[in-house]
Amino acid sequence: MPIALPLVSSAAGGGSVSHDENGALTQRSILPGGVRVITEHIPGMRSATFGAWLAVGSRDEAPAHAGSTHFLEHLLFKGTSRRTALEIAEAFDRIGGESNAMTGKEYTCYYARVLDRDLPIAAALILDMVTSATLAAADFDTERGVILEELAMNDDDPSDVAHERFAGAVLGHHPLGRPIGGTPDVIAAVRRDAVWDHYRAAYTPQRLVVTAAGGVDHDEVCALVGDLLADGGWHLAADVEPAALRATAPDAVAVLTPRTEIVRREIEQAHVVLGSRGLRATDDARVAFAVYNAILGGGMSSRLFQEIRERRGLTYSVYSFAEANAETGVFGTYAACKPSKADEVTLLMGEQIDRMASGIGSDELERAKGQLSGSTVLSLEDSYSRMARLGKAELVFGDLWTLSEILAAIDAVSADDVVGLAGDIAARERAVVRVGPR
């Protein structure tokens, strides 16, 4: 389970244009109001994916209203001043569209993948939701129940619980350490007025990024977005700058105090996560970190998989992972095993982290590079993936690399780069979270 390679590059300046080696055309414009529009025209592709990104995530909430951003994501599908929830659903179904949304710790995205000819319909639906949601009181109470069920479902998954608790163990009381969906107690108590105020404050032109990829025309998308936002009642003043990229101040995150957290569950396996602070999203070493992660726990030939599963037969699932944010990130190793083997597996995961700092073989390095290069190319085979990388490049990384630049950066990673980074990671203080029976 390798980390996603940062798809970043030098095409994200205002009014920029770039071509890749396969003829894809990427363009970026800033509309009145500070709205950013980035498109990627892919020759011959008949699908198109339209996304509306807001530079607001779970980290931006007041503690008393934690989970409001995810709550809001649900509510935007419940109706606007023009359309009911059923009309929104029927409109997407009528064009065969795939629509959904995702809430992260630093952004929210609403998107739809449709035939290229139906992109105007998808854009109209999504931007109507973004600008004109009603958050009706009856819908609010109904969706509260839905979200509480979602939280209960997640709490029934011990793997989810382990990863969520691990983020809190590493990041402490920082907002990045909170669960994206909030907690049952907070969701049960939050009032509609609080979520409404969050919506009005966060969903603004300066925070909006529109991305579209596939069979799209940049000028047509820009004109469409401008008209739809005006129809939605947004005031798009001239000469307004977009919201700035989040500050990257590592000192804003408290130093990790090593801790072990045990969550008692009467289940058949113990789910163990061991790790530490990772890298921030814009760290210069992020590509080397992707290679490091692939060698340690990114596939069936990785060190964790070979040592703990293949040689010792202690687990079915074992891998390493990483998540990156503006100031910092988390890095960890995960395994599920018999409770009686949890101590041994935890020890072995820590040993493999330490051994990475002692050196890597040339075969391991080349295998990891090949894995990352192949997965990167394959991940860009559909319009949704292309749309998503545009949004993350704009809101998370600040620039956009071409595919050739990405592959060249992977190829340039040396063994010394990986081993030096491994030494840094091995020296960091670690947290352990275990979910399972006594």
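Remember, it's a predicted structure, so these values are computed and weren't measured experimentally.

Analysis parameters
- Residues numbered from 1 in each chain as written.
- Predicted model: local features only at pLDDT ≥ 70, side-chain atom pairs only at ≥ 80, totals over all residues.
- Heavy atoms only, no water.
- Helix = DSSP H or I, 4+ residues; strand = E, 2+ residues; numbered from the N terminus.
- Rg over C-alpha atoms; globule rule 2.2 N^0.38 Å.
- Buried < 20%, exposed > 50% of the residue type's maximum accessible area, 1.4 Å probe, protein only.
- Areas by Shrake-Rupley, 256 points an atom, 1.4 Å probe, with all protein chains shown as cover.
- Lys, Arg positive; Asp, Glu negative; His and termini not counted.
- Charge placed at Lys NZ, Arg CZ, Asp CG, Glu CD.
- Pairing = 2+ DSSP bridges.
- Axes fitted to C-alpha atoms, helices over the stretch in contact; angles between N-to-C directions.
- Salt bridge = Lys/Arg side-chain N within 4 Å of Asp/Glu carboxyl O.
- Patch = residues over 30% accessible without salt bridge, like charges linked within 9 Å, V, L, I, M, F, W, Y side chains within 5 Å.
- Expected span 1.5 Å × (residues − 1).
- Contact = heavy atoms within 4.5 Å.
- Disulfide = S-S within 2.5 Å.
- Phe/Tyr/Trp six-rings, centres within 6.5 Å; stacked < 30°, edge-to-face > 60°.
- Core = buried A, V, L, I, M, F, W, Y, C linked by side-chain atoms within 4.5 Å.

Colleague: Just checking my understanding: could you explain the overall build of the protein for this structure?
Modeller: Within the protein, the secondary structure is distributed over 15 helices and 12 strands. Relative to the globule expectation of 22 Å for 438 residues, the C-alpha radius of gyration of the protein, 22 Å, shows essentially globular dimensions. Principal-axis analysis of the C-alpha atoms gives the protein an extent of 60 × 50 × 40 Å. Residue burial in the protein is summarised as follows: out of 438 residues, 55% are buried. Roughly 18500 Å² of accessible area belongs to the protein as shown, and the carbon and sulfur atoms make up 50% of that amount. Positive and negative side-chain charges of the protein, numbering 41 and 61 respectively, have mean locations separated by a distance of 5 Å.

Colleague: Where do I start with the sheet that holds strand β8 (residues 260-264) in this structure?
Modeller: Within a sheet, adjacent strands bond to each other through the backbone by hydrogen bonds, running parallel or antiparallel. The strand order across the open sheet formed by five strands is β8-β12-β9-β11-β10, and the pairing between neighbours is mixed. On the outer flanks of this sheet lie β8 and β10 (315-324), each paired with one strand and no other. Strand-to-strand twist of the sheet, defined as the mean angle between neighbouring strand axes without regard to direction, takes the value 15°. Of the pairings in the sheet, the one linking strand β9 (residues 270-277) to strand β12 (residues 431-436) comprises five bridges and is antiparallel in character. Pairing of G275 across the sheet is with A431, part of β12.

Colleague: Sorry, what's going on with the pattern of salt bridges here?
Modeller: A side chain with one charge may pair with a side chain of the opposite charge, provided their charged atoms come close. In the structure shown here, the tally under the stated rule is 30 salt bridges. Of the charged contacts, one joins R246 and D60 as a salt bridge, the two residues approaching to 2.7 Å between their closest N and O atoms. Placement of the pair is R246 in the loop between α8 (218-231) and β8 and D60 in the loop between β4 (47-54) and α1 (68-75), with a sequence separation of 186 residues. A salt bridge links D128 to R82; its shortest N-O distance comes to 2.9 Å. Residue D128 is located in helix α3 (residues 119-132), and its partner R82 is located in the loop between α1 and α2 (85-94); the two are separated by 46 residues in the primary sequence. Classification of D128 as buried rests on a relative accessible area of 4%. Ionic contacts of the salt-bridge type, sharing partners, join the residues E307, R311, R312 and E344 into one network.

Colleague: Sorry if this is basic, but what is going on with a negative patch on the surface here?
Modeller: Taken together, the side chains of D156, D157, D160 and E164 define an acidic patch exposed on the protein surface. Within the fold, D157 resides in the loop between α4 (137-155) and α5 (158-171).

Colleague: It is not clear to me how α3 should be interpreted in this structure. Could you clarify?
Modeller: Along an α-helix, a turn takes 3.6 residues, which lines up residues three or four apart on a common side. In this model, α3 (14 residues) spans 19 Å end to end at C-alpha, consistent with the 20 Å of a helix rising 1.5 Å per residue. Burial within α3 is extensive, with 12 of its 14 residues counted as buried. Among the residues of α3, L119, A122, A123, A124, L125, I126, L127, D128, M129, V130, T131 and S132 are the ones counted as buried. On its buried side, α3 packs onto β4, α2, β6 (108-115), α7 (192-202) and α8.

Colleague: Sorry if this is basic, but what is going on with the state of the cysteines here?
Modeller: In protein structure, a disulfide is the covalent linkage between the sulfur atoms of two cysteines. All chains considered together, the criterion is met by zero disulfides. Its sulfur unpaired, C109 is 17 Å from the next cysteine sulfur, which belongs to C222.

Colleague: In this structure, what is going on with the packing of aromatic side chains? I would like to understand it.
Modeller: The way to describe two aromatic rings as a pair is by their centre distance and the angle between their planes. Counted according to the given criterion, the structure contains 13 aromatic pairs. Between Y111 and Y384, the aromatic rings sit 4.9 Å apart at their centres with planes inclined by 50°, giving tilted as the arrangement. Of this pair, Y111 sits in strand β6 while Y384 is found in helix α13 (residues 383-397), placing the two residues 273 residues apart along the sequence. On the basis of relative accessibility, which here comes to 26%, the residue Y384 falls in the partly exposed class. Measuring from ring centre to ring centre gives 6.4 Å for Y319 and F321, while their planes differ by 70°; the resulting arrangement is edge-to-face. There is no split in this pair, since Y319 and F321 are both buried.

Colleague: Got a minute to help me understand the nonpolar core in this structure?
Modeller: General note: in soluble globular proteins, nonpolar side chains tend to be found buried as a group. Ranked by size, the top nonpolar core spans 51 residues in total, and within it F50, L76, Y110, V130, Y203 and V225 carry the most contacts. A per-element tally of this core places α3 first, with nine residues. Not counting residues up to four positions away in its chain, the partners in contact with V225 are L31, V35, V37, F50, L127 and V210. In terms of nonpolar packing, the next biggest core, distinct from the first, is built from 43 residues, V287, A290, I308 and L314 among them.

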